[in-house]
Amino acid sequence: MASITFKHVRKTYPGGVTVVPDLNLEIKHKEFVILVGPSGCGKSTTLRMIAGLEDVSDGELIIGDRVVNDVAPKDRDIAMVFQNYALYPHMTVYKNIAFGLIQKKVPKEEIDKRVHEAAKALDLEHLLNRKPKALSGGQRQRVALGRAMVRNPAVFLLDEPLSNLDAKLRTAMRAEISRLHKRLQTTFVYVTHDQTEAMTMGDRIVVMKDGIIQQNDAPQVLYDTPCNLFVAGFIGSPQMNFLDAVIVEKAGAYAAKLSAGEEIALPARMNAEVLGKYVGRTVVLGVRPEDVDAVPAGEPHDIEARIEIAELMGAEINLHLDYKGIRLVARTSSTYPGREGDTGALRFTTDKLHLFDKETEQAIAH
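Residues numbered from 1 in each chain as written. Predicted model: local features only at pLDDT ≥ 70, side-chain atom pairs only at ≥ 80, totals over all residues. Heavy atoms only, no water.

**Regarding the nonpolar core**
To keep things clear, this is the line we draw: What is meant by a nonpolar core is a set of buried Ala, Val, Leu, Ile, Met, Phe, Trp, Tyr and Cys residues, joined one to another through side-chain atoms within 4.5 Å. With a 1.4 Å probe rolled over the protein chains alone, any residue whose accessible area is under 20% of its type maximum counts as buried; one over 50% counts as exposed, and the rest are partly exposed. Every helix listed is a DSSP run of H or I at least four residues long, and every strand listed is a run of E at least two residues long, numbered separately from the N terminus. Any two residues whose heavy atoms approach within 4.5 Å at even a single point are treated as in contact.
By size, the foremost hydrophobic cluster in this structure holds 46 residues, and its most contacted members are I34, I97, L145, L158, I177, Y190 and V207. Considering every element that reaches this core, the biggest residue donor is helix 4 (residues 137–149), with five residues. Apart from the residues lying within four places of it in its own chain, the contact partners of L145 are V81, L122, F156, L158, M173, I177 and L180. Ranked by size, the runner-up nonpolar core spans 32 residues in total, among them L266, V283, Y323 and L355.

**A closer look at the side chain of E262**
To keep things clear, this is the line we draw: Residues scored as charged are limited to Lys and Arg (positive) and Asp and Glu (negative), so that His and the chain ends carry no count. A pairing counts as a salt bridge when a side-chain nitrogen of Lys or Arg comes within 4 Å of a carboxyl oxygen of Asp or Glu. Within 3.5 Å is the distance limit for a polar contact, defined as a pair of N or O atoms, with the added protein rule that one can donate a hydrogen and the other accept it, and that residues adjacent in sequence qualify only through two side-chain atoms.
Turning to its location among the elements, E262 is positioned in the loop between strand 12 (253–258) and strand 13 (263–265). Although E262 lies buried, it forms no salt bridge, and the closest oppositely charged side chain, K324, sits 5.0 Å away as judged by the N-O distance. At 2.6 Å, the side chain of E262 and the side chain of Y323 are in polar contact. Excluding anything up to four places from it in sequence, E262 contacts A256, K257, D302, I303, Y323 and K324.

**Focus on the packing of helix 2 (residues 93–103) against helix 4**
Keep this limit in mind: Only the contacting stretch of a helix is used when fitting its axis, a line to C-alpha atoms as for every element, and angles between N-to-C directions run 0 to 180 degrees. A crossing counts as left-handed when the near helix is turned anticlockwise from the far one by less than a right angle, and as right-handed when that turn is clockwise. Note on residue classes: Ala, Val, Leu, Ile, Met, Phe, Trp, Tyr, Cys and Pro are nonpolar, Asp, Glu, Lys and Arg are charged, and everything else, Gly too, is polar.
For the pair helix 2 and helix 4, interaxial distance at closest approach is 7 Å and the crossing angle is 35°. For the element pair helix 2 and helix 4, the recorded crossing hand is right-handed. Between helix 2 and helix 4, the residues in contact are V93, N96 and I97 and V143, G146 and R147, respectively. In the contact of helix 2 with helix 4, the residues fall into three nonpolar, two polar and one charged.

**Some remarks on the environment of V17**
Tracing the backbone through its elements, the reader meets V17 in strand 2 (residues 17–27). Taking the C-alpha atoms as reference, V17 lies 44 Å from D351; in sequence the two are 334 residues apart. What V17 contacts, discounting residues up to four positions off in sequence, is K11 and T12.

**As for unusual backbone geometry**
The peptide bond linking S237 to P238 adopts the cis configuration, its omega dihedral lying at -5°. Here P238 lies in the loop between helix 8 (229–234) and strand 11 (241–250). Phi at D123 is positive, roughly 55°, even though this residue is not glycine. Along the polypeptide, D123 turns up in the loop between helix 3 (108–121) and helix 4. Residue D123 is classed as partly exposed on the basis of its relative accessible area, which comes to 49%. Although it is not a glycine, N152 sits at a positive phi angle of roughly 50°. In this structure, N152 sits in the loop between helix 4 and strand 7 (155–159). Given a relative accessible area of 53%, N152 falls into the exposed group.

**Digging into the packing of helix 2 against helix 3**
Keep this limit in mind: What sets the label is the angle itself: under 35 degrees gives roughly parallel, over 145 gives roughly antiparallel, 65 to 115 gives roughly perpendicular, and the rest give oblique.
Interaxial distance between helix 2 and helix 3 falls to 10 Å at its minimum, and their mutual angle equals 135°. Between helix 2 and helix 3, the crossing angle belongs to the class labelled oblique. Crossing handedness for the pair helix 2 and helix 3: right-handed. Contact residues: Y94, I97, A98, L101 and I102 in helix 2; I111, D112, R114, V115 and H116 in helix 3. By residue class, the composition of the contact of helix 2 with helix 3 is seven nonpolar, one polar and two charged.

Coordinates in, geometry out; function isn't part of it.
Next up, the structure:
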């Protein structure tokens, strides 16, 4: 069983700099977990502690049923794929994939069998005699994956493995890694700052900030019910729009009143008892770009904003707008007639609104 458990794990570097103050996390056997967050949030340090490349300052790190705080990396039954591939330039693809097995003195016949199986699975068979300099970025990344695969590790660790690839290759490799996880049926822990990778690949996403877990849940749950402003703004591309608003109540119905006086009706499903506590108080209203609909002039709408940039995305347009000095993004159909400089009428999807406490930044209602 290749489960991974952090029990009150702390990582402090010499000089007293604490990167991970108190980490509690359980990763189940065969689970694909994504650690995501901005640069410096502690996600790579967490991964390197699992690998044994960073010491645990305090607490317990458990892999399977044993505490591995003092276990050497080579004895942890893990394989790690790095951002820069870490291939040996003077070796062929075959020898790069086989290197770890050769070091372990695995019989040659077994090495040959495992290398060819991995090469076939990753479409590298025709490249086995080439050296890394003759390969594309995507091919090099597949070699790095193959080198990890042949070891049959209990845990795969991947540290931003796609960040050096172009957009098309990243999309292809995301699918490749997801297929690999399903095929190998082992535990994957994947670090990225790219929330698109997180949303499309993981069984579960762990969102980190300043070494602290902000939210830990399935991708769709994080997207639909972010627990605070940070998660709401980090998960989703383009990010969620935020507007200050005052909660008002009329005849038992609640609305969010914007600075210019427009009132956005709040859905009846939002907890009336909770909203009642915020009447007259300023909160943060959140709405995702796809839930801001640009409508033709004259139709019912919530606000008006000037179009600064119309970003054509094929079937859709991302409208970057200015509303009273606040920048908003609306995602609408490419048939929308508005152009840069025009004033657009916008309607919010009421059932998709989010409210956050302005002071604590915690979610109030979704």
